[in-house]
Amino acid sequence: MPVVVFRTRGEVYRGEVKENTNLVVRAGIRQFPFPHLRYECGMGKCARCACRVLAGGERLPPPNWKEKKQLGERIDAGFRLACQLWIEHDIELAQDELPAQP
Ligand code: FES
């Protein structure tokens with residue numbers, strides 16, 4: 001089962017998830033990474049769930065059009081929208097403040 005390492009506000013949380021898991025859906029049903037993951041719409045519209053991928057990003061599919069629209073050049077800095085990712089492998093994410101669009 002994929003292991004998710006989730007960093008936020010100086011803390012590190014770790015949890016196992018089923019394959020093909022969406023972290024925002026899980027947080028919505030109060031499973032890890034609840035209550036630490038910040039999110040809102042769950043539909044790629046608000047960017048509240050943006051996370052920086054620290055490890056495992058090479059195995060993710062390329063960003064979809066919603067991520068490109070919300071994140072723009074911040075994708076190059078490793079940001080993805082957690083609500084648009086289905087986790088199938090180990091991954092490490094950090095939820096920092098999302099930098100402003102350049
Ligand atoms: S929760 Fe709104 S974009 Fe992901």
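Going by the structure above, here's the rest.
Cut-offs applied
Residues numbered from 1 in each chain as written. Predicted model: local features only at pLDDT ≥ 70, side-chain atom pairs only at ≥ 80, totals over all residues. Heavy atoms only, no water. Helix = DSSP H or I, 4+ residues; strand = E, 2+ residues; numbered from the N terminus. Rg over C-alpha atoms; globule rule 2.2 N^0.38 Å. Buried < 20%, exposed > 50% of the residue type's maximum accessible area, 1.4 Å probe, protein only. Contact = heavy atoms within 4.5 Å. Areas by Shrake-Rupley, 256 points an atom, 1.4 Å probe, with all protein chains shown as cover. Lys, Arg positive; Asp, Glu negative; His and termini not counted. Charge placed at Lys NZ, Arg CZ, Asp CG, Glu CD. Pairing = 2+ DSSP bridges. Axes fitted to C-alpha atoms, helices over the stretch in contact; angles between N-to-C directions. Core = buried A, V, L, I, M, F, W, Y, C linked by side-chain atoms within 4.5 Å. Salt bridge = Lys/Arg side-chain N within 4 Å of Asp/Glu carboxyl O. Polar contact = N/O pair within 3.5 Å; in protein donor to acceptor, adjacent residues only side chain to side chain.

A. Expanded view of the overall build of the protein chain. When helices and strands are counted, the protein chain shows 2 helices and 5 strands. Secondary structure elements in the protein chain, listed N-terminal to C-terminal, are β-β-α-β-α-β-β. For 102 residues, the compact-globule formula gives about 13 Å, and the C-alpha radius of gyration of the protein chain, at 12 Å, lands near that figure. C-alpha extents for the protein chain along the principal axes are approximately 35 × 25 × 25 Å. Within the protein chain, the fraction of its 102 residues that count as buried is 44%. A sequence separation of at least 24 residues applies to 62% of the contacts in the protein chain between residues at least 6 apart. Here the protein chain has roughly 5900 Å² of accessible surface; of this, 49% comes from carbon and sulfur atoms. Of the side chains in the protein chain, 16 bear a positive and 13 a negative charge, and the two mean positions are spaced by 6 Å.

B. Looking closely at the sheet that holds strand S2 (residues 11–16). Read across the open sheet, the 5 strands follow the order S2-S1-S5-S3-S4; overall the sheet is mixed. Looking at the sheet topology across the chains shown, the edges are occupied by S2 and strand S4 (79–81). Strand-to-strand, the axes of this sheet are offset by a mean angle of 35°, without reference to chain direction. As paired strands, strand S1 (residues 3–8) and S2 are joined by 6 bridges and run antiparallel to one another.

C. View of the nonpolar core. Core analysis: the biggest nonpolar cluster contains 24 residues, and Val4, Leu23, Leu37, Leu81, Ile87, Ile91 and Leu93 have the highest contact counts within it. Put simply, the parts of the chain that give this core at least two residues each are S1, helix H1 (23–28), strand S3 (50–55), S4 and strand S5 (91–94). Residues in contact with valine 4, not counting those within four places in the same chain, are Tyr13, Arg14, Gly15, Val17, Leu23, Phe32, Ile87 and Ile91.

D. Broad picture of the pattern of salt bridges. Evaluation of the coordinates by the stated rule reveals 5 salt bridges. Here arginine 38 ties to glutamate 97 by a salt bridge, and the two come within 3.9 Å at their closest N and O atoms. Of this pair, arginine 38 sits in the loop between H1 and S3 while glutamate 97 sits in the segment after S5, placing them 59 residues apart in sequence. With relative accessibility at 17%, the residue arginine 38 sits in the buried group. Salt-bridge contacts for glutamate 67 lead to arginine 80; the nearest nitrogen and oxygen are separated by 2.8 Å.

E. Molecular detail of the side chain of glutamine 84. With respect to the helices and strands, the residue glutamine 84 is situated in the loop between S4 and S5. Under the relative-accessibility criterion, glutamine 84 is labelled buried at 13%. Here the side chain of glutamine 84 touches asparagine 64 through a polar contact of 2.9 Å, side chain to side chain. When sequence neighbours within four positions are dropped, the list of residues in contact with glutamine 84 reads Asn22, Gly42, Met43, Gly44, Asn64, Lys66 and Glu67.

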